[in-house]
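Residue-level structure breakdown
One-letter residues, chain by chain:
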Amino acid sequence: MLKTRKILTIVAIVAVLVFAYYAANATPVISDQNYTYIAELEWYNTYDAGAKAAAEAKKPLIVYFWTIWCVYCEKYHKEVFSREDIREILAQDFVRVAIDMDVNKEDTRRFNVQAPPHVIFMTSEGEIITRVPGYMPADEFKEVLLRVKASAGGAHP
Amino acid sequence: MSIGDALLSLALLTGSATAALLVLPHQEKLEKLRRATLVLFASSLTAAFILLLYYFAISDFRIFYVWKFSSSAYPLYYKLSGALAGQEGTLLFWAMLIALSALWLERGEERKLAFVKQTQLVVVALGLYFTFLTFLQSPFTTIYEAFPDIPVGYLPEDGNGLNPLLLDPWMASHPFTTFLGYAGTTIPFAGAVVYLFTTARAGGVEGAAQRLWVTKGLQWLRFAWLFSTISMAFGGIWAYKTLGWGGFWAWDPVETAMLLPWLMLTAAVHVTLEHRRDRTKYNVLAPILVAFSFSLVVYATAVTRSGIFESVHAFIAGSVGKYIMLLVGISFAVPLALGLWKYTRIPRREEEDEIINRTNIFYAAILVFLITIFISFYGITFPPIMKLITTQKYAITKQFFNLWLYPFFLLMLLLIGLGLHYRESRKAEVLRDFFIFTLFTIVAAFIKPTEDYNIVDYTSFISASKPLLYSTIGEISSLSVVPPAFYIFYASIERWRFFASASTRRKLREAGVIAIHIGVALIAIGVVFSSMFTSEFSVTLNKNRIGEEKVLAQAVFHEGFGKLGTWGVHQGEVLTDYKIKLLDYKEYVDYGSASRVNSKRGMSIQEFRAAIARGDARSEYTVRGTVSRVLRGEHATFIKLSDESGELWVAADPSLRVPIGVEAVARGVPLRGVKTPDGATDVVLLANQVSDTIAQAFKKVQLARVAIYKGKAKIGEGDVKFEVYKNGDARRPLIDRSLVRDVFVVLDSPTYQGDLSITVRIKPLINEIWLGVILFVLGIVLCIFYEARGSEK
């Protein structure tokens, strides 16, 4: 007969294996080779990919610098980018780039970004319109979005 | 070669000699030599570290490491803390502590035993390894070696400085406590490895000398445990105070990596105590867990420094990462292999086959602990590995840890209660209580007045998909932490009764044990309630409307079709009875201690003029003074420096920004007979540098004084600041503390068109965490001081 402690050990090992398998399958993917998925929108992973798309679509560019552990980034995702009206503007009028600062060190250095979150708005030609370092609440952020949209020209004069 | 590198070379030499002499068969005549080399090994490393501290104290910016992490504007305390701000200094500190541990083993008659000698050999070998790493990446490298372009003899005006967020007394102490704790695991590791090896070789038979691994190791384990606890608390307090998002823990990979050795130490201390009671028990598991505490310490360093792992701390990634990874591998593999070897060599013994007894309960608790360690380990190790294999990035966020660890955390708390209460003689009663509290816990897990009680917040974007098991665990009510916490209080009181007639010494030790566990219960309550029931309000005030009051509205989220008819997460607002009032607002420039520092540098204007008149052959001058005017031209910025002795115009780069009223130090070449902006003809200093020191300490501060009301009662008042430094921003929140709650107010971003974007958080019971930590620390101290003697069987 198996001893109690042996049974406990086996139960623990099985629990750990089940956990590892389940967690590996259930953990959501936030980014793959081309896109990052924030606020259920597709964001390009690199500036170059975004710049190319912006030039083709003649839309202004939002370049968002973030990391997984940054609390104000989560606030951005939750309270700003996911808000219906803002999400709508982002989806319709902007080409989106999300730079994970832990992964894409090249673009982080290129735009000299020190800390997440950090947003840079650019024209479709890649000219910087404005920067928003740190967090900005939804209403103000929307205002900036609309002004950028207006000043960048684009589809809605 | 510099003095520092010479000391490191001496340490390498004497350390190798000590190791070699320890390997050689024992010879009386070599004993003296061995002791001498060991003392030299430890003292050369200590001298090297003191030298490094000295370089920081005098701000010797010729040393690259000092330049990188310090500034002459800092007070001494922050200067010295720079010594552990980077990899080079930490490795040296660590090597020094390990060498000192090896020296500690020289004490007493026991040093002559083969067992102690072997342990010492392992310690010296580890010390040598770290010395070698320090040597590879020396903290004594000069800027001339680091930047070959810099002309030799050039002395930087000021250092690069620390990130302003790190300028905090808690953060300054954090690395010192961390590495004291880390280094404390070295002797236990060495003792455990030698114990496993020697007893395995002897077929499981252990002699009296082998027992030393417990008697010597246990106090070191507690020491390591104590300092790991303190260092995590310091880190948490710092994060809460300075990062501005109002939390003390974010499951950042480095935090998690630091939690791993702490958890392992906790398990190791318990198992080792159990092994001490009865040496036939856990004679494989105890040494393995003890050794793994050290392995996880090295792993934590690898996570911070190797650059493979992603985290806020990784900005100081270094080049010795691969050697640290190698040590991680070795330190896991060796004890594991030795443990397995020993396991196959010891004769199996018959166990008492009772399902519920002390041994089995204890064993179950240890297993639960090991599972939590595995989950945390997995959480930080899985994403980088998957990233390497699939290029996909998996979202392991705080929700992942909260979700998976919470059930085990509850089970652990219940088992702590049971363990504290357990007496073989009163088994039936003890078990009855255990089942009652377990039942309460299960019932409490279902009591949810609102969705806010769910332990995992699904409004976060990352949990967009909800696997069944996740939503099941995620919907456990956070009230479920209350019964287990009360069980621990209850069990502690019950336990105390058993010691009513014990000796004072025994009582004090027991008080330590109880304090530790009550501390855990308090921390559990504080952590769950402060993170679950924080009310958070975002509000915008305007700096021009002093005296304005605003009712705080809470954002609510729901998923469904919104006003525009699209599916998604929508935000609404609910008004509360909290109010905020803007009492005052101001903006100012704070020069820190820069002026004090500068008054010691350079010459006064009179001295400068006298030197010019004398026709000094110097080509460059450094002059100090107060900036009284600034004129910005196309090709130069003109700055007028003044002091009691006169005035002087300085021409500098057009991009230079210096505020009026600052004390500045300008360095450059004098140009005679120049027409100054005043219209006079005078000497002008053509500056290639205008004091960096000012800019370093210089910060622009936006300060709002606010008061928070709940109904009519004022619950908090104070200053909230947003500081802009040369090398970053810092939010300085208002934290109004009380035993029931903290009122936490933070300025989220710099003023935008006069608007102050403010977040107010009401965090209930958060101070119970700090109270719990204090009890915990006191408890360990009591256990260390009133260590049971002669309680071995």
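Residues numbered from 1 in each chain as written. Chains lettered and ligands numbered in written order. Predicted model: local features only at pLDDT ≥ 70, side-chain atom pairs only at ≥ 80, totals over all residues.

Moving on, we come to the overall build of chain A. Counting its secondary structure elements, chain A contains 6 helices and 7 strands. A globule of 157 residues ought to have a C-alpha radius of gyration of about 15 Å, yet chain A, at 21 Å, is considerably larger. In chain A, buried positions account for 39% of the 157 residues. Partitioning the contacts of chain A with sequence separation of at least 6, the portion at a separation of at least 24 is 69%. (Helix = DSSP H or I, 4+ residues; strand = E, 2+ residues; numbered from the N terminus. Rg over C-alpha atoms; globule rule 2.2 N^0.38 Å. Buried ≥ 20, exposed ≤ 12 C-beta atoms within 10 Å, placed from the backbone. Contact = placed C-beta atoms within 7 Å.)

Before going further, it helps to spend a moment on the overall build of chain B. On a plain count of helices and strands, chain B comes out with 23 helices and 15 strands. Looking at chain B as a whole, 48% of its 793 residues qualify as buried. Looking at chain B alone, contacts between residues at least 24 apart form 72% of all its contacts between residues at least 6 apart.

Below, the discussion takes up the domain arrangement of chain B. All names here are of chain B. Looking at chain B, the domain boundaries give domain 1 (1-115 + 133-161), domain 2 (163-348) and domain 3 (594-697). Contacts between domain 1 and domain 2 engage 19 residues on the former and 21 residues on the latter. Every element with two or more residues in the side of domain 1 that touches domain 2 is listed here: helix H4 (76-81), helix H5 (87-104) and helix H6 (114-136). In terms of residue count, the dominant contributor to the side of domain 1 that touches domain 2 is H5 (7 residues). (Domains from an automatic or database assignment.)

Moving on to unusual backbone geometry. Positive phi values are uncommon outside glycine, yet Trp251 of chain B reaches one of about 55°. According to the C-beta neighbour criterion, Trp251 of chain B is buried, with 21 such atoms within 10 Å.

In the case of a regular strand, side chains alternate between the two sheet surfaces. Residue and element names in this part refer to chain B. Summarising burial for strand S15 (residues 755-764): 8 of the 10 residues are buried, a large majority. Here strand S2 (residues 535-542) pairs with S15 via 8 bridges, running antiparallel. Looking at the pairing, Asn542 lines up with Asp755 of S15. Two strands pair when backbone bridges link them, and strand S14 (residues 741-747) and S15 are joined in this way by 7 bridges, in the antiparallel orientation. Along S15, the bridge assignment pairs Phe744 with Arg761. (Pairing = 2+ DSSP bridges.)

Before going further, it helps to examine the packing of helix H1 (residues 4-26) of chain A against helix H14 (residues 358-390) of chain B. Where H1 of chain A contacts H14 of chain B, the two axes come as close as 10 Å, and the packing angle between them is 20°. In terms of orientation, H1 of chain A lies roughly parallel with respect to H14 of chain B. H1 of chain A and H14 of chain B meet at a crossing whose hand is right-handed. Note on element contacts: H14 of chain B touches H1 of chain A through Asn360, Tyr363, Ala364, Leu367, Leu370, Ile371, Phe374, Ile375, Tyr378 and Phe382 of chain B, opposite Thr4, Arg5, Leu8, Thr9, Ala12, Ala15, Val16, Phe19, Ala20, Ala23 and Ala24 of chain A. For the contact of H1 of chain A with H14 of chain B, the class distribution of residues is 17 nonpolar, 3 polar and 1 charged. (Axes fitted to C-alpha atoms, helices over the stretch in contact; angles between N-to-C directions. Parallel < 35°, antiparallel > 145°, perpendicular 65-115°, else oblique. Left-handed = near helix turned anticlockwise from the far one by under 90°. Nonpolar A, V, L, I, M, F, W, Y, C, P; charged D, E, K, R; others polar.)

Let us now look at the environment of Glu647 of chain B. Residues and elements named next belong to chain B. Within the fold, Glu647 resides in strand S7 (residues 646-652). When the C-alpha positions of Glu647 and Ile612 are compared, they lie 14 Å apart, and in sequence the two are 35 residues distant. Setting aside its immediate chain neighbours within four residues, Glu647 contacts Ile605, Lys640, Leu641 and Ser642.

Residues and elements named next belong to chain B. Looking at chain direction, strand S5 (residues 621-632) and strand S6 (residues 637-643) are connected through 6 bridges and run antiparallel. Across the sheet, residue Arg632 finds its bridge partner in S6, namely Thr637. Alignment of S6 against S7, held across 7 bridges, turns out to be antiparallel. Bridge assignment links Phe638 to a residue of S7, and that residue is Ala651. Here S6 folds back onto S7 in antiparallel fashion, the turn holding 2 residues.

All names here are of chain B. Packing of helix H1 (residues 3-23) against helix H2 (residues 28-57) leaves a shortest axis separation of 8 Å and a crossing angle of 150°. Between H1 and H2, the angle is such that the two are roughly antiparallel. H2 is crossed by H1, and the crossing has left-handed handedness. Considering only residue class, the contact of H1 with H2 consists of 18 nonpolar, 6 polar and 1 charged.

All right, on to the confidence of the model for chain B then. All names here are of chain B. Across chain B, pLDDT averages 86, with 89% of residues at or above 70. Contacts from residues 311-317, a stretch scored under 50 in pLDDT, to residues over four places away or in other chains number 16 contacts. Low pLDDT, under 50, characterises residues 594-599; the predicted model gives this stretch 16 contacts beyond four residues in sequence or across chains. The ipTM assigned to the predicted complex is 0.72, against a pTM of 0.83. (pLDDT = per-residue confidence, 0-100.)

Moving on, we come to the sheet that holds strand S8 (residues 663-675) of chain B. All names here are of chain B. Spatial ordering of the closed barrel is given by S5-S6-S7-S9-S8, a layout of 5 strands whose pairing is mixed. Neighbour to neighbour, the strand axes of the sheet diverge by 50° on average, direction disregarded. Examined bridge by bridge, S7 and strand S9 (residues 681-690) share 3 bridges and lie parallel to one another. Each residue of the ladder has a partner; that of Ala651, found in S9, is Leu686.

Residues and elements named next belong to chain B. Turning to its location among the elements, Arg495 is positioned in helix H18 (residues 482-498). Among the residues examined, Arg495 registers 19 C-beta atoms within 10 Å and is labelled partly exposed. In this structure, the C-alpha to C-alpha distance between Arg495 and Val674, residues 179 residues apart in sequence, is 87 Å. Not counting chain neighbours up to four residues away, the residues in contact with Arg495 comprise Leu420, His421 and Ile514.

Here we take up the environment of His77 of chain A. Looking at where His77 of chain A falls in the secondary structure, it is placed in helix H3 (residues 71-81). Through-space distance from the C-alpha of His77 of chain A to that of Glu40 of chain A is 9.8 Å; in sequence the pair is 37 residues apart.

A separate point is the confidence of the model for chain A. The predicted model of chain A has a mean per-residue pLDDT of 85, with 96% of residues at 70 or higher. Within chain A, no element has a lower average pLDDT than strand S1 (residues 29-31) of chain A, which sits at 77, and none a higher one than strand S4 (residues 61-66) of chain A, at 94.

The subject of this paragraph is helix H11 (residues 253-277) of chain B. Compared with an ideal rise of 1.5 Å per residue, which puts 25 residues at 36 Å, H11 of chain B spans 37 Å between its outermost C-alpha atoms and is within 8% of the ideal. For H11 of chain B, the tally of buried residues reaches 21 of 25 residues, placing the bulk of the element in the interior. (Expected span 1.5 Å × (residues − 1).)

So, about H1 of chain B. Residue and element names in this part refer to chain B. Relative to the 30 Å expected for 21 residues at 1.5 Å per residue, H1 spans 30 Å between its end C-alpha atoms, a close match to the ideal helical length. Of the positions making up H1, those classed as buried are Gly4, Leu7, Leu8, Ala11, Thr14, Gly15, Thr18, Ala19, Leu21 and Leu22. The buried side chains of H1 occupy one side of the element, clustering within an arc of 160° when seen end-on. Looking at the buried positions of H1, the neighbouring elements they touch are H2 and H6. (Arc of directions from axis to C-beta.)

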